[in-house]
Amino acid sequence: MSTMIADLPLDDRPRERLLMHGPALLSDSELLAILIGSGTRGRNAIDVARETMSGDLSSVSRRAPAQLSALSGIGPAKASRILAAFEIGRRVSTRTVQEPRPLPDIDSLARSLVPRYAHFVQERLGAICLDVRNRVISEREIFIGTINSTHVSTREVVRYALDEHAIGLVVFHNHPSGDPSPSAEDLLFTRRLCEALTLFDMKLIDHIILGASDYVLIQRRNGG
């Protein structure tokens, strides 16, 4: 039977170790255990963290909320804390650059996104906000959907662009099937988003659909 964390020596408890020595000295499983908070019968939080990671902390960050919630010892509350922590880390890392960076040409951008999203088994939609000089202000995933589709609201995309004081926007999403050919829903969403952004004096630069090894630029395809 696993030893409860409360029964461990103080210097072996993750939370106490973090407070005494700082987070850099903790292992991946100890950091995750702090977010998990409590274990289950016969397993302390460190045991649950190790089983959740399966040796790879990055794999935890790629799980959909429902997948993470379904793991033994996790559930919705713990999954929410874990995914919130990963998202905070992502946002901080993308905002450490002091000056906005130039947007690469749209094809280079699309090629860089393909390997980042090719392995996901559910659709994810993200957006890249640009300033008046076509420089990247921020990048964020906005929706994570099911294996077949993502429930996309143009209002949420526009809200994100307004919050970032964007002038231009590039949106992208992956097709888990591996085929980047746009669906009728993709084309309709692109048209509606263009119209919505125009009302706020913003422009959709392009909507990139990512496949397993290729991509499609909807605006270019449609002559936009």
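Within every chain, residues take consecutive numbers counted from 1 along the sequence as written. Given that the model is predicted, a residue must reach a pLDDT of at least 70 before its local features are reported, and side-chain atom pairs must reach 80 or more before they are shown or counted; all residues, however, enter totals for whole chains, interfaces and linings. Heavy atoms from the whole structure form the basis of all side-chain values; hydrogens and water molecules are not counted.

Undergrad: I'm lost on the overall build of the protein chain in this one. Help?
TA: Scanning the protein chain from terminus to terminus reveals 10 helices and six strands. A simple rule labels every residue: compare its accessible area, found with a 1.4 Å probe on the protein chains alone, to the largest value its type can have, and call it buried under 20%, exposed over 50%, or partly exposed in between. Burial status across the protein chain gives 42% buried among its 224 residues. Pairs of residues are marked as contacts when any of their non-hydrogen atoms sit within 4.5 Å. Look at the contacts in the protein chain between residues 6 or more apart in sequence, and 60% of them connect residues 24 or more apart. Values of accessible area rely on a 1.4 Å probe in the Shrake-Rupley scheme; residue burial ignores everything except the protein chains shown. Approximately 12200 Å² of the protein chain is accessible, and the part contributed by carbon and sulfur atoms is 55%. Secondary structure elements are defined from DSSP: runs of H or I of at least 4 residues count as helices, runs of E of at least 2 residues count as strands, and each element is numbered from the N terminus.

Undergrad: Mind showing me how you'd approach the pairing of strand E5 (residues 203–210) here?
TA: Both faces of the sheet carry side chains from a regular strand, because those side chains alternate between them. Along E5, six of the eight residues are buried, which leaves the element largely enclosed by surrounding structure. Paired strands, in this sense, are two strands between which DSSP finds at least two bridges. Bridge count for strand E4 (residues 168–174) against E5 is seven bridges, and the pairing is parallel. Each residue of the ladder has a partner; that of Gly-168, found in E5, is Lys-203. Throughout, right-handed denotes a crossover for which the path from the first strand over the helix to the second runs clockwise when the strands point away from the viewer. Tracing the backbone out of E4, into helix H9 (residues 184–199) and back to the parallel element E5 gives a crossover that is right-handed.

Undergrad: Looking at this structure, I do not really get the confidence of the model for the protein chain. What am I missing?
TA: Parts of the model with low pLDDT should not have their predicted coordinates read in detail. When pLDDT is averaged across the protein chain, the result is 85; 88% of the residues are at 70 or more. What pLDDT expresses is the predictor's confidence in each residue, scored from 0 to 100. The least confident element of the protein chain, judged by mean pLDDT, is strand E1 (residues 101–102) at 76; the most confident is strand E6 (residues 215–217) at 97.

Undergrad: I would appreciate a short explanation of the packing of aromatic side chains in the present structure.
TA: Within a pair of aromatic rings, the relevant descriptors are the distance that separates the centres and the angle that separates the planes. Each Phe, Tyr or Trp ring (for Trp, its six-membered ring) is paired with any other whose centre lies within 6.5 Å, and the angle between the two planes then decides the class: stacked below 30 degrees, edge-to-face above 60, tilted in between. Scanning all chains against the criterion turns up two aromatic pairs. Ring geometry for Tyr-117 and Phe-120: centres 5.5 Å apart, planes at 55 degrees, overall tilted. Among the aromatic residues, those joined into a cluster by ring pairs are Tyr-117, Phe-120 and Phe-172. Charge-over-ring placement is defined geometrically: NZ (Lys) or CZ (Arg) within 6 Å of the ring centre, and within 35 degrees of the ring normal. Across from the ring centre of Phe-120, 3.9 Å away, lies the NZ or CZ of Arg-124, which sits over that ring.

Undergrad: Just checking my understanding: could you explain helix H2 (residues 28–36) for this structure?
TA: Because each turn of an α-helix spans 3.6 residues, side chains separated by three or four positions in sequence point in the same direction. Every buried residue of H2 is listed here: Ser-29, Glu-30, Leu-32, Ala-33 and Ile-36. Projection of H2 onto a plane perpendicular to its axis shows the buried side chains occupying an angular sector of 165 degrees, all on one side. An arc is given here, and it is the one of the directions from the helix axis to the C-beta atoms.

Undergrad: In this structure, what is going on with a nonpolar patch on the surface? I would like to understand it.
TA: A cluster of nonpolar side chains, contributed by Leu-162, Leu-199 and Phe-200, occupies part of the molecular surface with about 320 Å² of accessible area. Inspection of the secondary structure assignment puts Leu-199 in helix H9. Exposure above 30% relative accessible area and the lack of any salt bridge qualify a residue for a patch; like charges then connect within 9 Å, and the nonpolar side chains Val, Leu, Ile, Met, Phe, Trp and Tyr within 5 Å. We define a salt bridge as a contact between a side-chain nitrogen of Lys or Arg and a carboxyl oxygen of Asp or Glu at a distance within 4 Å.

Undergrad: Quick question: what am I supposed to make of the pattern of salt bridges here?
TA: When charged atoms on two side chains of opposite charge get close, those side chains can pair. Evaluation of the coordinates by the stated rule reveals eight salt bridges. Glu-195 is paired through a salt bridge with Arg-191; the nearest N and O atoms lie 3.7 Å apart. Highlighted residues: Glu-195 and Arg-191, both in helix H9, separated by four residues, approximately one helical turn. Among the residues examined, Glu-195 registers a relative accessible area of 45% and is labelled partly exposed. What makes Arg-191 partly exposed here is its relative accessible area of 47%.

Undergrad: Explain the environment of Arg-124 to me, please; I cannot follow it from the model alone.
TA: Within the secondary structure, Arg-124 sits in strand E2 (residues 124–130). A relative accessible area of 3% places Arg-124 in the buried class. Here the alpha-carbon distance between Arg-124 and Val-152, two residues 28 residues apart in the chain, equals 9.8 Å. Apart from residues lying up to four places away in sequence, Arg-124 is in contact with Arg-62, Arg-63, Ala-64, Tyr-117, Glu-141, Phe-143, Ile-144, Phe-172, His-173 and Asn-174. Polar contacts involving the side chain of Arg-124 include one to the main-chain carbonyl oxygen of Arg-62, which spans 2.8 Å. Under the rule applied, a polar contact is a pair of N or O atoms within 3.5 Å (in protein, one hydrogen donor and one hydrogen acceptor; residues adjacent in sequence only if both atoms are side-chain atoms).

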